[in-house]
Every structure is written in C-alpha cells, then in structure tokens.
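Fold and contact review
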Amino acid sequence: MEKVMPFLESIWAKLYALVNDSMDHWQWGAIAGGFIIAAILLRILNKTLFAEGKAFTRFGRRFFKPGRRIGGYPIVLTLTLWGLHAAFQQKLDGAPYIQTIALLATAYAAYRLATALAKTTWAPRFVGSVMFLSFALHLFGALTPLIETLQNLRIPLGDLRISLWAILSGIGSLFVLLWVASLGTLFVDTAVSQQKEIPPSIRVLLGKLARFIFYLSAILIALKIGGIDLGVLTVFTGALGLGVGFGLQKVVSNLISGIIILLDKSVKPGDVIEIDGSYGWINSLRTRYVSVLTRDRKEHLIPNEDFITNPVINWSFSDDKVRIKANIGISYKMDVQKAIDLCVKATAQANRVLETPEPKCLLMGFGDSAIDLQIRFWIRDAHQGVANIRSEVLLNIWHSFKEHGIEIPFPQREIKIISEPVEGE
C-alpha cells in the first residue's frame, strides 16, 4: 500500500499538469460544446414550449409585432455559456475565454431583446452601445480602473458629495428603467385587456395604477443608484405638494375626478353619452380627460372634472336599449287610425328597430293645421347613431303615406283686411 499511494499521487500530478497545460483547449472545447448544446436545447424548445398553439406562443404574440422576433438561439446560448462558466471556472482558473464569449453572447441577446420590445430605435441603440463599450473596456482591462477613477471624482451638491460614477450610473439607469417601466405597463395593459370578466373601467384603473407604480419605482431606484438619499427628498416633496395644491388645482382636480369616474363606473369605454352638447361614445379614459368620439369622427377631449360637476346623459349606463321619438302631422281629412297603423308598420321595417318593445304611435293633440302624432321605437345600438335611424323611420313613413294617400298638411293662414271708413268721406 505504501508503494501504491506514491504511484497514484504521481499519476494525479501528471494529469493535473496535463490539464493545466491544455487549459486553453479545454475552454475552447467547452465553448464549442456550448454552441452545440444550445442548438439542441433550442430544437427541443421549438417542439415543446415554443410550438405553434402553445400557451407561451400565444402569450408572446400579444406583446411582439409579427415582424419583430427576439431570436431564441442567442438567449439559449447565453444561458448555456454562463452555466458552463459556473461549472468550470474553479477547475479552469476562472475560465476567462468562456467568460469572454458569454459576455459577447449576452450583449447580442440584450440587443435582440431590446430591438424586439422597443417601440423606437433609441432603446436598442443605447443598450447595444453600452454593452459594446462595457465589453470593450473589460476586454482590455480598463473597465475596473475607469470605474474606480469615476468613483473618486466627487461633485459637491450642497451637503452631499456625489461621485461622478454615481451620477452617470443614475442617468443610465433612469433611461433603462423608464424603458423597462414602459414595457411593464404594456404587459399589464395587454394581460388585463384579455380578462373579459373585469369591467372596462377597472381595466383602465389597473393600467393607470400599474403605470404610476412602474414609473415612480423607476425614478426612485435611479435616484438610489445615483447615490441620493431618499430621505433628503422629504422637504422637496413637501414643497412640491404645496405647489401642486396652489398652482395645479385644475390638473389635480382632473386627476382625482378621473379616479372617481373609474371607481364609481359612471362612464366606461363604449358608453354612449351626451354632455354639454357633445354626443358620442367614450373612446378612452385618460388621466386628465375623457375622449368622446362623435359620429363625424371628431374626438372631443373633455376634462374629467366636467363629468363630476356637469349633468351627463349616459344612454347605456344600466341598459343598452334607447327609445327614440319622432313627431308626425296628418291632415284633418285623413283616417287617424289608418295613419297610426301605417306609422307602426313602416317603423317596424327599419333594420335597427327592435321588435320588443314594439313600436307605438300615439295621438298627441290637435294642432292648428294638423293632427299631431308621435312614433316611438327602441334601438340598442345608439353608438351607431340616432339621427340616421330616425331619418330612416321617417322616410319609410313618408313612402307609406304617399302609397296610401295620407296627406301631410302644411300650415295655412287666411289674412282678412278690414278697412274702416275714414271720417269726412
């Protein structure tokens, strides 16, 4: 046994030396294996998780345009290379080659992800430029000294001394976090819009609440990264609140009114409303105003405060059925009952008029030149217009009256001139 142990130790020492001598080969072999493993994993995912009709595919289509693809291979390759780096960094003295290739794959994957998610081109360019610059500095060993130099450069701001690195980090983080916040609001709005059991006003409220939380969190995190103590902001927020109270009364009033509208569900997207002479259906509820789209495609932006303080006619608040009235006059020489029957029949022929409740025609009074009738009928699609269906009904009645000889009179006046004899004649 005493002779065997030294022999085994010598063999182990030779193997260890062989591995150390061929460390570079092992790393490049691991990198090549990572590319192959990533390709195999992506092929498996394409047949399982990313297959057509799967939940993940349907989920992704809600957020990405058809022409924008993330690219699964860069992401899978990035995860694979970092997994190999974690596995071999102790055995291969940190595995610097694997780490370098993993950084390259990470930068490319981040750029592809930013390109797929961003609405504009500045976000992908910003992310790509930052990743490329960081990688280049790290590759030449200048990233750590540059960070230390910027940390030592401090700028006095009152009682605070903030390093230049903290300021640059805060500004860069703010851009990235605001972009991430916009993506977060997009995800929340898309996910909430799919929940049809949630009332429309609550969906809008959830979207606005998520937007406020995301953007506020982004700003606070960026300030924290920038080295600003959030406790210092107490005085500033107090002064800001006082300024808002005096200088932004209307803005705050509209903001609070918008929240009240969303909570009490008095109006919601799709409702047909009438306010201050504006008739149309609600297109969207915003933080400051309500967008009302009229029949002539004009979009009226009405402040939220007006919906709280002014009378609002909501044609579809509790029921989507709307009753419409139209006045008609017939000659005194005509058969009133026949005219009433013709009115009801002609009204029922209009496509949008409901059968239940059925149309009715009432005798409203005896005018100077005509017998006054009123036709009343119901529709349930007021958002498609009221004047057009009233016109269609009256046109049907006009044709029916002409066909059956019902006369619609026009006002007639008799003027008698009485002259009195002049004295002296």
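One can find the structure itself at the top, above this paragraph.
Residues numbered from 1 in each chain as written. Predicted model: local features only at pLDDT ≥ 70, side-chain atom pairs only at ≥ 80, totals over all residues. Heavy atoms only, no water.

**Details of the overall build of the chain**
Stated formally: Each helix is a run of DSSP H or I of at least 4 residues and each strand a run of E of at least 2, with the numbering of both proceeding from the N terminus. When a residue's accessible area, from a 1.4 Å probe over protein chains only, is under 20% of the maximum for its type it is buried; when over 50% it is exposed; and in between it is partly exposed. By the convention used here, residues are in contact when the closest approach between their heavy atoms is within 4.5 Å. Using a 1.4 Å probe, the Shrake-Rupley method yields the accessible areas, and only the shown protein chains count as cover for residues.
A count of helices and strands for the chain gives 14 helices and ten strands. Buried residues in the chain amount to 30% of all 425 residues. Considering only intrachain contacts with a sequence separation of at least 6, the fraction spanning at least 24 residues in the chain is 64%. Accessible surface for the chain amounts to roughly 27700 Å². Of this, 63% is attributable to carbon and sulfur atoms.

**Quick look at the sheet that holds strand β9 (residues 360-366)**
Our working definition: We treat two strands as partners when DSSP finds at least two bridges between them. Only the contacting stretch of a helix is used when fitting its axis, a line to C-alpha atoms as for every element, and angles between N-to-C directions run 0 to 180 degrees.
Here three strands make up an open sheet; going across it, the order is β8-β10-β9 and the pairing antiparallel. Pairing within the sheet leaves two strands with one partner each, and these edge strands are β8 (322-330) and β9. For this sheet, the mean angle separating the axes of adjacent strands, direction not counted, is 25 degrees. Bridging between β8 and strand β10 (residues 371-379) involves nine bridges; their strand directions are antiparallel. Of the residues in β10, the one forming a bridge with K325 is R376. Helix-sheet contacts for helix α13 (residues 336-348) involve β8, β9 and β10, and the interaxial angle to β10 is about 25 degrees.

**Considering the packing of aromatic side chains**
In plain terms, the rule: For Phe, Tyr and Trp, where Trp contributes only its six-membered ring, two rings pair if their centres lie within 6.5 Å, and the inter-plane angle classes them as stacked under 30 degrees, edge-to-face over 60, or tilted in between.
Under the definition given, this model contains one aromatic pair. Plain terms: the ring middles of Y332 and F366 are 6.4 Å apart, the flat faces sit at 25 degrees to each other, and that makes the pair stacked. A residue pair is termed long-range when its members are at least 10 positions apart, and Y332 in the loop between β8 and α13 and F366 in strand β9 qualify at 34 residues. Residue classification places Y332 among the partly exposed residues on the basis of a relative accessible area of 42%.

**Remarks on the side chain of T347**
What counts here: The definition of a polar contact used here is a pair of N or O atoms within 3.5 Å, where within protein one atom must be able to donate a hydrogen and the other to accept one, and adjacent residues in sequence count solely through side-chain atom pairs.
Within the secondary structure, T347 is located in helix α13. Of the polar contacts made by the side chain of T347, one reaches the backbone oxygen of C343; its length is 2.7 Å. Discounting residues that sit within four places of it in the chain, T347 has contacts with V353, P359, I375, F377, V393 and I397.

**With respect to the pairing of strand β3 (residues 272-275)**
Taken together, the four bridges between β3 and strand β4 (residues 278-285) define a ladder with antiparallel strand orientation. What sits directly across from V272, in β4, is W281. Counting the residues in the hairpin turn of β3 and β4 gives two residues, including D276, whose phi is positive at 50 degrees.

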